[in-house]
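Each chain is listed here by its residues.
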Amino acid sequence: MTTSVGDVTTEAAVGAIAAAHRGQRGPLLPILHAIQAELGHVPQEAVAILARELNLSRADVHGVVSFYHDFRREPAGRTTVRICRAEACQALGADALVNSARDRTGLALGETRADGSLTVEQVFCLGNCALGPSVEVNGEVLGRMSAERLRSIVDEAVSS
Amino acid sequence: MTRTSNSPVTVYVPRDSAARSVGADAVAEAIRRAADARNLPITLVRNGSRGMLWLEPLVEVATPEGRIGYGPVAPSDVADLLAAGFLDGADHPLRLGVVDELPWLARQNRVTFTRVGIIDPISPEDYERHGGLVGLRRALDLPPSDVVAAVTESGLRGRGGAGFPAGIKWKTVLDCADALKFVCCNADEGDSGTFADRMVMEGDPFMLIEGMTIAAHAVGAREGYVYIRSEYPDAVATMRAAIAIARDRHWLGERILGSDLTFDLHVRVGAGAYICGEETSMLESLEGKRGVVRAKPPIPAIEGLFGKPTVVNNVLTLATVPVILADGAKAYQELGVERSRGTQVFQLGGNIAHGGIVETAFGVTLRELIEDYGGGTLSGRPVRTVQVGGPLGAYLPTSQFDLPMDYEAFAAAGAMLGHGGVVVFDDTVDMAAQARFAMEFCAAESCGKCTPCRVGSVRGVEVIDRIVAGEQRDENLALLEDLCELMTDGSLCAMGGLTPMPVRSAVTHFSDDFLTRGEGTA
């Protein structure tokens, strides 16, 4: 592997996280969560490092990273908006929220703006089914969301 | 002001994430600041939610008459509430009365949710004062087989959806001779319309810890895991805080409550895969692997986590165990109907005026839940359908609203009770779109192990698109039915096996929605 400064940092961070969690049973998911919490995503270089540290094949690690929706291969935007598209929110107009966000930002679900300001994603259920439709903005769940309010949230994210 | 003493008034503002989603944190902060500014001593408790979610943020004030509720409160209401004297329970347009006496709550039978919304969730003193640990202390005085017998006798069935008798599962694990066994709590509550597990973990986490500890004693396990979905960060934080407190108090760890029992508990966080709510997929995920479903047999009770005998139960199942031990199996068994014993925690969501938690004995009808408790739709339009039991549950037409809510009655009607989620839709719903979504969701969330689920769901979306577009409608409807039959019979787990349930129910009960659309609308 070529070593640039970035790689060294990644290697050190991933190695330290792996060492901290190695004593747990089946530690790969806690490790991947910790890497994403620290680096904002799970960089490609992490796969080989984890394979070595945990005595797994690269295919095993890659398989786990790619299986779970949570693990990002690329950094997200500075603001992440997740729109709940599960049934309870559909019953209160989740599709209208999705359309509103798309019309306002030009982003399809799962896309990040080129300037890195905003990521819009779908999520299936935030457990707020009696106060839908729900949207999560940078980890904060907001109930009874309206298209207007969502537009102002994405506008603010894009302009900041 | 009628208050004479200067002792602090206890004010409750929920910390439940549903309450927070509509501004509970800002309300709590506004109350704290306003009380400080006026030199009014208060004790602010961040309780769980009472489950009357349309009233959130529901602020309660402790008075000699009981806890008086005000809601829904916005931060801008706080100055007005204080001026009106709400710290003494005074009148105000937002005043609801004594919360325990509100008909919506008073007519419920809260057995599992008895403390949720009442106590400070991470106060061990509150927990014990309200009946906590009685069940565990009683269990520790009994030999494991008697604990298993009590759970069996209570009729408690798995609340995750499958409804398997908990005691029988526990007996299988107890009868295994292995030195290493596990207790795993499935808190991967991914079904849309369900939030009871989340509310237990956020509102009464010690109850789940106590239930898992009783299970550990009953089956001879020393290690447990709570697998919580990542979409529930508040539940993760509350459970972790409660586990740390429990360890400090010797409610977990070595020699629990002075007994010979050693048991420790860990929280593991999922990673956004719906399929990990399937128990074998959850076990794979706990082992650090892709959440791919295992073939059964072997059953997890014999070969579960890391191949060891494992109890896997849902949050509500394990959370109900302490009260069964505390009050006796008979008291629990006397509730309910037929083979559905005890209470079920129904969750009313979607397009509903009064959504929230209704815990009541099995046998209540859908109509009572939707009309009497739920107050009809939020939009004010007529109810057209409800989906019961999550994304894999059937869409029921209003003609079936008199069905009693019990496992067998629902199964006989081609539906399922599942985890007790009830999602209401008004008459603007497009049932072909809902059927298509069921297939789309299955395609997105399938673990990919078996072909009927992985490929069938993709084909299902395509076939429904062709039906709605009017391409050989009758032939394609027959093809869809054939595909549904294949998925039902040929899938490895409930994901592919039950996805046809919402699809078929939509086709059966709402066939008009599958008629050809006008030009260009398909």
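Please read these numbers as outputs of a predicted model, since none were measured by experiment. The written sequence of each chain sets the order in which its residues are numbered from 1. Both sets of labels track the order of writing: A upward for chains, 1 upward for ligands. Side-chain atom pairs in this predicted model are given and counted only at pLDDT of 80 or more, local residue features only at pLDDT of at least 70, and totals for whole chains, interfaces and linings cover all residues.

Attention now moves to the overall build of chain B. A run of DSSP states H or I qualifies as a helix once it reaches four residues; a run of E qualifies as a strand once it reaches two. Both are numbered from the N-terminal end. For chain B, the count of helices and strands is 22 helices and 16 strands. The globule rule puts the C-alpha radius of gyration for 522 residues at 24 Å, and the 24 Å found for chain B is close to it. Over its C-alpha atoms, taken along the principal directions, chain B stretches across nearly 80 × 60 × 40 Å. To assign burial, the other C-beta atoms lying within 10 Å of each residue's own C-beta are counted, with C-beta atoms placed from the backbone; 20 or more indicates buried, 12 or fewer indicates exposed, and intermediate counts indicate partly exposed. Out of the 522 residues in chain B, the part that is buried amounts to 57%. A residue pair is marked as a contact if its C-beta atoms, positioned from the backbone, fall within 7 Å. For chain B, restricting intrachain contacts to residue pairs at least 6 apart in sequence, the fraction spanning at least 24 positions comes to 73%. Radius of gyration means the value over C-alpha atoms here, while the globule rule gives 2.2 Å times the residue count to the 0.38 power.

Each helix and strand in chain A was counted, giving 7 helices and 5 strands. Put simply, chain A runs from its N terminus to its C terminus through helices and strands in the order α-α-α-α-β-α-α-β-β-β-β-α. Dimensions of chain A along its principal axes, counting C-alpha atoms only, are 50 × 35 × 25 Å. Residue burial in chain A is summarised as follows: out of 160 residues, 42% are buried. The contacts in chain A between residues at least 6 apart in sequence include a share of 60% that link residues at least 24 apart.

Right, let's get into helix H20 (residues 473-490) of chain B. Residues and elements named next belong to chain B. In this model, H20 (18 residues) spans 25 Å end to end at C-alpha, consistent with the 26 Å of a helix rising 1.5 Å per residue. What H20 keeps buried is the set Asn 476, Leu 480, Leu 483, Cys 484 and Met 487. Buried residues along H20 cover an arc of 105° about the axis, so they all sit on one side. More than 90 degrees from the buried face of H20, the exposed residues found are Asp 474, Glu 475, Ala 478, Asp 482 and Asp 489. Packed against the buried residues of H20 are helix H18 (451-454), helix H19 (456-468), helix H21 (494-498) and helix H22 (500-509). By this rule the span expected of a helix is its residue count minus one, scaled by 1.5 Å. For this quantity, the arc is that covered by the directions from the helix axis to the C-beta atoms.

In this assembly, 45 residues from chain B lie in contact with 34 residues from chain A. Secondary-structure elements contributing two or more residues to the side of chain B that touches chain A are helix H1 (17-21), strand S8 (264-269), helix H12 (279-286), strand S12 (343-350) and strand S16 (421-426) of chain B. Ranked by residue count, the leading element in the side of chain B that touches chain A is S12 of chain B, at 4 residues. For the side of chain B that touches chain A, the class distribution of residues is 21 nonpolar, 17 polar and 7 charged. Ten residue types, Ala, Val, Leu, Ile, Met, Phe, Trp, Tyr, Cys and Pro, are classed as nonpolar, four, Asp, Glu, Lys and Arg, as charged, and the remainder, Gly among them, as polar.

So, about the confidence of the model for chain B. If pLDDT is low for a region, its predicted coordinates should not be looked at in detail. pLDDT measures the predictor's confidence residue by residue and takes values from 0 up to 100. Per-residue confidence for chain B gives a mean pLDDT of 95; residues scoring 70 or more make up 98%. Reported for the predicted complex are a pTM of 0.96 and an ipTM of 0.95.

Residues and elements named next belong to chain B. Nonpolar cores are identified as sets of buried Ala, Val, Leu, Ile, Met, Phe, Trp, Tyr and Cys residues joined via C-beta atoms within 7 Å. Among the nonpolar cores identified, the biggest contains 217 residues, and Ala 215 and Ile 228 are the most heavily contacted of them. Here the element with the most residues in this core is helix H10 (residues 205-219); it accounts for 10 residues. If we ignore the near neighbours within four places in the chain, the residues touching Ala 215 are Trp 170, Val 183, Val 311, Leu 318 and Val 321.

This brings us to the sheet that holds strand S1 (residues 79-84) of chain A. Pairing between the strands of a sheet is mediated by backbone hydrogen bonds and can be parallel or antiparallel. Residue and element names in this part refer to chain A. Only when DSSP finds a minimum of two bridges between them are two strands counted as paired. If you trace the 5 strands from one edge of the open sheet to the other, you get S2-S3-S1-S4-S5, paired in mixed fashion. Each edge of the open sheet is held by one strand with a lone partner, namely strand S2 (111-112) and strand S5 (140-142). Where S2 lies against strand S3 (residues 118-123), 2 bridges are found, and the strand directions are antiparallel. Looking across to S3, one finds that Glu 111 is bridged to Val 120. Here the axes come from fitting lines to C-alpha atoms, over the contacting stretch only for helices, and the angles between their N-to-C directions go from 0 to 180 degrees. Strands in contact with helix H6 (residues 94-105) are S1, S3 and strand S4 (135-137); relative to S1, the strand with the most contacts, it is inclined by about 150°.

Now for the domain arrangement of chain B. Residue and element names in this part refer to chain B. Where each domain starts and ends follows an automatic or database-derived domain assignment. Along its sequence, chain B is carved into domain 1 (9-106), domain 2 (124-333), domain 3 (336-426) and domain 4 (431-514). Just the C-alpha atoms count here: the centres of domain 1 and domain 2 sit 33 Å apart. The partner domain 2 presents 7 residues to the 7 residues of domain 1 that form the contact. Its residues placed into classes, the side of domain 1 that touches domain 2 shows 1 nonpolar, 4 polar and 2 charged.

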